[in-house]
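# A structural walkthrough
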Amino acid sequence: MGYVLGLQCRECGRQYPKEPLHVCEFCFGPLEIVYDYEQIRRVLSRETIARGPRSMWRYQPLLPLDGDPTVGLQVGFTPLIKAKRLGKVMGLNNLYIKNDCVNHPTLSFKDRVVAVAVSKAKEFNYDTVACASTGNLANSVAAHAAEAGLKSYIFIPADIEMTKVVGTLIYGTTLVGIRGVYDEVNRLCSEIAANFPWAFVNITIRPFYGDGSKTFGYEIAEQLGWKAPDHVVIPVAGSSLITKVWKAFNEFAHLGLIDEVKTKIHAAQASGCAPVTTAIKENRDFIKPVIPNTIAKSIAIGNPADGYYGIKTVKESGGYGEDVADDEIVECMKLLAQTEGIFAETAGGVTLGVARKLVAQGRIQPDDVTVLAITGNGLKTQEAVMGDVGSPILIDPRLSAFQDLFNGKEGK
Ligand SMILES: *Cc1c(COP(=O)(O)O)cnc(C)c1O
Ligand SMILES: [Zn+2]
């Protein structure tokens, strides 16, 4: 038994039943889930959460399922690490990394949204799930569809990283590469969704999908000892995660689980695809779509579906938005790896690069509790750093060969 009252239009407030709907038929605004917080308050406390499973499902009353989840039971509850060595480099005394590089089962935060979406698709009795993806969603939908025994169709830009292609095909899905950028993939998928009776996780059942991202925020607050941080820096693609982390902290405060939220939410993008952070810098509340050109392919969305709400989240919270160039992304991927032992994907380099800029601008102060949202694993975007990490030194299998090397007699 869940706690969803229905759906509601974010713009005009019109109510809809708990069905696979995603846009308001009157104003075309996006629909969101309405929860019965009075009932949730009765069943959810710090103690009940702490007694729950070590997964995102410890917050199940705040997720939009009617029954128990049926796939992705191990997703979430990833480590929140105090980053002392990186903090020292950055001049921050209270720096934390929320590490979804190691999220189960496909090594990105997308497993959170997909675990909810595919469980919900089963509740709605779909036999096929689908998505438009920049790569990580593809991996996760394919994996969870396999676990659920559902058919899947997955649509990607044809030029994404080979590891993300292989890491999708392995699950036995139908993977369709589109000759175009993500925004073209997404537009095509909207048309397909209107013609095929499939649960497109980020289109047909988008309101249900999106709320899985809230668990990223719940976990941060719980792992900090039931308080929201001063800052979170979040990589932005479609702008869903950033709005949901904000929603998560505010829901926790509304339920009395944490004190008043004073968190500043900062948006991080690559300079080669920065429609959201550019709008923030130019003090606009609307997106000017761009054509992406960056190595940070997982977040290369030129016309983000929730871009308007992403901007709004940043403004409401008092945060800011910054972007970093591709060479800084690589530099920061190496910095994170070499200070904390965490190999994050390109989006992680974006987050760290942006955090560094925010520190330099004085927007993040040395003692502020700051969390970096590290959302995906670097093993999946190796192309991005391949030319920048050197190569192994080759020697013959003899001790003298190593001694020569050690004594600097043999070069690289
Ligand atoms: C999808 C993705 C994001 C951003 O997600 P949105 O909710 O679409 O903004 C961030 N990081 C990684 C690694 C992603 O795959
Ligand atoms: Zn409406």
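Worth saying up front: this structure is predicted, and the values here are computed from it rather than measured.

Here we take up the sheet that holds strand E8 (residues 174-178). Pairing is parallel across the open sheet formed by 4 strands, whose spatial order is E8-E7-E6-E9. Pairing within the sheet leaves two strands with one partner each, and these edge strands are E8 and strand E9 (199-200). Strand direction decides the pairing type here: strand E6 (residues 128-132) and strand E7 (residues 151-157), joined by 5 bridges, are parallel. Note that in E7 the partner of Cys-131 across the bridge is Ile-154. The strands touched by helix H7 (residues 182-195) within the sheet are E6, E7, E8 and E9, with E7 carrying the most contacts at an inclination of about 145 degrees.

Moving on, we come to the site of ligand 1. Looking at ligand 1, there are 15 residues lining it, with Lys-110, Gly-238, Ser-239, Leu-241 and Thr-375 nearest. Here an oxygen atom of ligand 1 and a backbone polar atom of Ser-240 are 3.3 Å apart. At a separation of 2.6 Å, a nitrogen atom of ligand 1 approaches a polar side-chain atom of Thr-375. Notes on ligand 1: free accessible area 380 Å², of which the protein chains cover 96%. Looking at the shell around ligand 1 residue by residue, the class counts come to 7 nonpolar, 6 polar and 2 charged.

With that settled, consider the UniProt feature "domain: Tryptophan synthase beta chain-like PALP" (unreviewed entry) in the chain. The feature "domain: Tryptophan synthase beta chain-like PALP" (unreviewed entry), as given by UniProt, occupies residues 73-376 in the numbering adopted here. For the annotated span residues 73-376, helix accounts for 44% and strand for 16% of the residues, and the straight-line distance between the end C-alpha atoms is 19 Å.

Turning to its location among the elements, Asn-103 is positioned in the loop between strand E5 (95-99) and helix H4 (110-123). A relative accessible area of 0% means that Asn-103 is categorised as buried. In terms of polar contacts, Asn-103 uses its side chain to reach the backbone amide nitrogen of Gly-76, at 2.9 Å. When sequence neighbours within four positions are dropped, the list of residues in contact with Asn-103 reads Val-75, Gly-76, Thr-78, Ser-108, Phe-109, Asp-111 and Arg-112.

With numbering aligned to this structure, UniProt lists the feature "modified residue: N6-(pyridoxal phosphate)lysine" (unreviewed entry) at Lys-110. Relative to the assigned elements, Lys-110 resides in helix H4. Look past the residues within four positions of Lys-110 in its chain and what remains in contact with it is Asn-136, Leu-137, Ser-140 and Tyr-209.

The subject of this paragraph is the coordination of the zinc ion (ligand 2). Within the protein, Cys-9 (SG), Cys-12 (SG), Cys-24 (SG) and Cys-27 (SG) serve as the donor atoms for the zinc ion (ligand 2), at 2.2 to 2.3 Å. One can describe the donor arrangement at the zinc ion (ligand 2) as tetrahedral, given that its 4 donor atoms subtend angles of 96 to 120 degrees at the metal. The class for Cys-24 is buried, based on a relative accessible area of 0%.

Attention shifts here to unusual backbone geometry. Of note, the amide linkage connecting His-104 to Pro-105 takes the cis form, showing an omega dihedral of 0 degrees. As for its placement among the helices and strands, Pro-105 is situated in the loop between E5 and H4. One non-glycine residue, Asn-125, adopts positive backbone phi at about 65 degrees. Mapped onto the elements of the fold, Asn-125 is located in the loop between H4 and E6. One non-glycine residue, Ser-239, lies in the positive phi region at around 80 degrees. Position of Ser-239 among the secondary structure elements: in the loop between strand E10 (231-235) and helix H10 (240-254). Ser-239 gets classed as buried once you look at its relative accessible area, which sits at 2%.

Procedures and definitions
- Residues numbered from 1 in each chain as written.
- Chains lettered and ligands numbered in written order.
- Predicted model: local features only at pLDDT ≥ 70, side-chain atom pairs only at ≥ 80, totals over all residues.
- Heavy atoms only, no water.
- Pairing = 2+ DSSP bridges.
- Helix = DSSP H or I, 4+ residues; strand = E, 2+ residues; numbered from the N terminus.
- Contact = heavy atoms within 4.5 Å.
- Axes fitted to C-alpha atoms, helices over the stretch in contact; angles between N-to-C directions.
- Near = heavy atom within 4 Å.
- Polar contact = N/O pair within 3.5 Å; in protein donor to acceptor, adjacent residues only side chain to side chain.
- Areas by Shrake-Rupley, 256 points an atom, 1.4 Å probe, with all protein chains shown as cover.
- Nonpolar A, V, L, I, M, F, W, Y, C, P; charged D, E, K, R; others polar.
- UniProt positions renumbered as here; feature names shortened; annotations may be inferred.
- Buried < 20%, exposed > 50% of the residue type's maximum accessible area, 1.4 Å probe, protein only.
- Donors = N, O, S within 2.8 Å, 3.2 Å for Na, K, Ca; no water.
- Tetrahedral: all angles 85-135°; square planar, octahedral: opposite > 155°, others 65-115°.

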